[in-house]
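Geometric and topological summary
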Amino acid sequence: MKLLVTGGAGYIGSITSELLLDAGHEVHIFDNLGRGHRKGVDDRASLIIGDLGNRADIRKAMLEVRPDAVLHFAAYALVGESMECPEMYFDNNLIGGIHLADAMIEAGVKKIIFSSTCATYGQPETMPMTEDLPQLPQNPYGESKLMLERVLQWYEKLHGICPVFLRYFNACGATGKFGEDHEPETHLIPLILQVPLGKRKKVFIFGDDYDTPDGTCIRDYIHISDLAQAHILALNEGISGAFNLGNGGGFSVKEVIEVARKVCGHPIPAETAARRPGDPARLIASAERAHSVLGWKPQYPDIKTIVEHAWQWHQAHPNGYED
Ligand code: UDP
């Protein structure tokens with residue numbers, strides 16, 4: 001298929017593009033390189049530098065490429081930042097997404113695979129989380145993604161587009177080629193790995209008084225290659241609707257740090273700090289729907305393998321894509 005990938009220079013977009021190209025698809029990346037990296041763009045893909053905030057940029061790219069489908073990754077994705085600067089999130093994630101969807105309608109492009117998130121659910125009372133739970137986000141990041149889901153649902157009814165919502169849990173790990181390099185970095189695993197890399201002295205645990213067995217937040221960590229694979233399956237004819245993408249198991253912040261100590265052979269000092277605003281205590285996926293409808297089966301569900309792959313990439317790229 002001929003595909004337009006927004007945010008294809010970012011973490012999840014770069015690795016999904018890599019796997020799409022491996023599978024024989026034609027990939028055109030649309031990215032403003034604001035948070036993405038030119039070196040994260042696979043050299044088999046074409047790169048269109050443009051901004052979703054600018055209607056004309058995406059309209060031009062859509063009419064030029066006329067893709068069979070769009071994969072939409074370009075967005076801000078930090079819970080903490082969204083609590084401090086909500087306007088950035090509604091502007092980039094929602095307004096930018098509407099510009100993209102409008103350009104699709106104009107060009108007659110129907111299918112869109114949208115990077116949504118478990119943050120659209122907020123903190124549900126039941127675990128693991130299925131797709132039919134109420135969506136009550138507790139931060140502007142989750143709200144901005146939910147708002148775009150709703151817009152796309154209306155466009156489905158009224159304009160006949162075909163959206164697939166992939167609600168990611170915690171993406172992590174790396175392939176041999178691409179990995180996680182954010183500026184600023186706020187994600188747990190890359191921050192932990194900065195300690196054995198000699199870039200920071202310790203890692204902070206944001207709250208140890210949550211209602212969880214060891215008091216630290218529990219997340220469902222999913223390998224980036226497995227996440228990417230779900231996008232390829234979601235392109236299949238007839239697939240629509242929402243899918244949670246996680247392993248169905250959760251690890252606490254303390255457990256992840258302990259795994260990293262073993263993988264890296266380093267003591268990785270940790271210090272408890274205040275809770276991070278906007279963080280739910282526990283998020284664990286039920287990915288039953290993805291298994292049964294998409295035929296998705298994660299290849300790397302083991303947290304140790306995930307941390308090992310991240311560690312290999314960070315050792316090879318201690319300064320991320322700046323090397
Ligand atoms: N976290 C932490 N210390 C850090 C970074 C993150 O304790 O330096 C915690 C964070 O509060 C959350 C979990 O690790 O409970 C995963 O956070 P991350 O930012 O990686 O992903 P999120 O769940 O926010 O998408």
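In short, a report on the structure. (Residues numbered from 1 in each chain as written. Predicted model: local features only at pLDDT ≥ 70, side-chain atom pairs only at ≥ 80, totals over all residues. Heavy atoms only, no water.)

**Describing unusual backbone geometry**
Backbone geometry follows two general trends: most residues other than glycine have a negative phi, and most peptide bonds adopt the trans configuration. Here Met127 and Pro128 are connected by a cis peptide whose omega angle stands at -10 degrees. Its place among the elements puts Pro128 in the loop between strand E5 (111-117) and helix H5 (140-159). Put simply, Glu183 and Pro184 share a cis peptide bond, and its omega is 0 degrees. Summarising the element assignment, Pro184 is placed in the loop between strand E7 (170-172) and helix H6 (188-193). Here the phi dihedral of Leu33 falls at roughly 60 degrees; this positive angle occurs in a residue that is not glycine. (Helix = DSSP H or I, 4+ residues; strand = E, 2+ residues; numbered from the N terminus.)

**Focus: the packing of aromatic side chains**
The final tally for this structure, using the stated rule, is 4 aromatic pairs. Here Tyr76 and Tyr89 contribute two aromatic rings whose centre-to-centre distance is 5.6 Å and whose plane-to-plane angle is 55 degrees, an arrangement assigned as tilted. In this pair, Tyr76 is assigned in the loop between strand E4 (69-72) and helix H3 (79-84) and Tyr89 in helix H4 (residues 86-107), connecting sequence segments 13 residues apart. Among the residues examined, Tyr89 registers a relative accessible area of 0% and is labelled buried. Where Phe114 meets Phe165, the ring centres are 6.3 Å apart and the plane angle is 85 degrees; that geometry is what we call edge-to-face. With Phe114 in strand E5 and Phe165 in strand E6 (residues 162-168), the pair connects residues that are 51 residues apart, well separated along the chain. You can call Phe114 buried: its relative accessible area is 1%. Overall, Phe165 belongs to the buried group, its relative accessible area being 4%. Directly above the aromatic system of Tyr210 lies the positively charged group of Arg275, at a separation of 3.9 Å from the ring centroid. Taking NZ or CZ as reference, Arg289 lies 4.3 Å from the ring centre of Phe243, over its face. (Phe/Tyr/Trp six-rings, centres within 6.5 Å; stacked < 30°, edge-to-face > 60°. Buried < 20%, exposed > 50% of the residue type's maximum accessible area, 1.4 Å probe, protein only. Lys NZ or Arg CZ within 6 Å of the ring centre and 35° of its normal.)

**Quick word on the side chain of Arg219**
One can find Arg219 in strand E9 (residues 218-219). At 2.9 Å, the side chain of Arg219 forms a polar contact with the backbone oxygen of Pro280. If near-sequence neighbours (up to four positions away) are discounted, Arg219 is found in contact with Asn170, Gly249, Gly250, Phe251, Asp279, Pro280, Ala281, Arg282 and Leu283. (Polar contact = N/O pair within 3.5 Å; in protein donor to acceptor, adjacent residues only side chain to side chain. Contact = heavy atoms within 4.5 Å.)

**Some remarks on the state of the cysteines**
On inspection of all chains with the given rule, the structure shows 0 disulfides. Unpaired in terms of disulfides, Cys172 finds its nearest cysteine sulfur in Cys118, a separation of 12 Å. Summary of cysteine pairing: Cys217 is not part of a disulfide, and the nearest cysteine sulfur, belonging to Cys118, is at 12 Å. (Disulfide = S-S within 2.5 Å.)

**Points about the pairing of strand E8 (residues 203-206)**
Here E8 shows a buried face lined by Val203 and Ile205 and an unburied face lined by Phe204 and Phe206. As judged from the 4 bridges shared by E8 and strand E13 (residues 270-273), these two strands associate in the parallel manner. For Phe204, the partnering residue across the bridge sits in E13 and is Glu271. (Pairing = 2+ DSSP bridges.)

**Considering the sheet that holds E5**
Read across the sheet, 7 strands follow the order E3-E2-E1-E4-E5-E6-E11 without closing on themselves; strand pairing throughout is parallel. Looking at the sheet topology across the chains shown, the edges are occupied by strand E3 (46-49) and strand E11 (241-245). Geometrically, the sheet is characterised by an average inter-axis angle of 20 degrees between neighbouring strands, direction not taken into account. Note that strand E1 (residues 2-6) and E4 share 4 bridges and pair parallel. Bridge pairing in E4 links Leu3 to Ala69. The strands that H5 touches are E4, E5 and E6; relative to E5, the one it contacts most, it runs at about 155 degrees. Each of E4, E5, E6 and E11 touches helix H7 (residues 224-234); the most contacted strand, E6, lies at about 165 degrees to it. (Axes fitted to C-alpha atoms, helices over the stretch in contact; angles between N-to-C directions.)

**Regarding the site of the ligand**
Close to the ligand lie 15 residues; Leu188, Phe204, Arg219, Arg276 and Asp279 are nearest. Within the side chain of Arg219, a nitrogen or oxygen atom sits 2.9 Å from an oxygen atom of the ligand. Within the side chain of Arg276, an N or O atom sits 2.7 Å from an oxygen atom of the ligand. Burial of the ligand by the protein amounts to 91% of the accessible area it has alone, namely 520 Å². (Near = heavy atom within 4 Å. Areas by Shrake-Rupley, 256 points an atom, 1.4 Å probe, with all protein chains shown as cover.)

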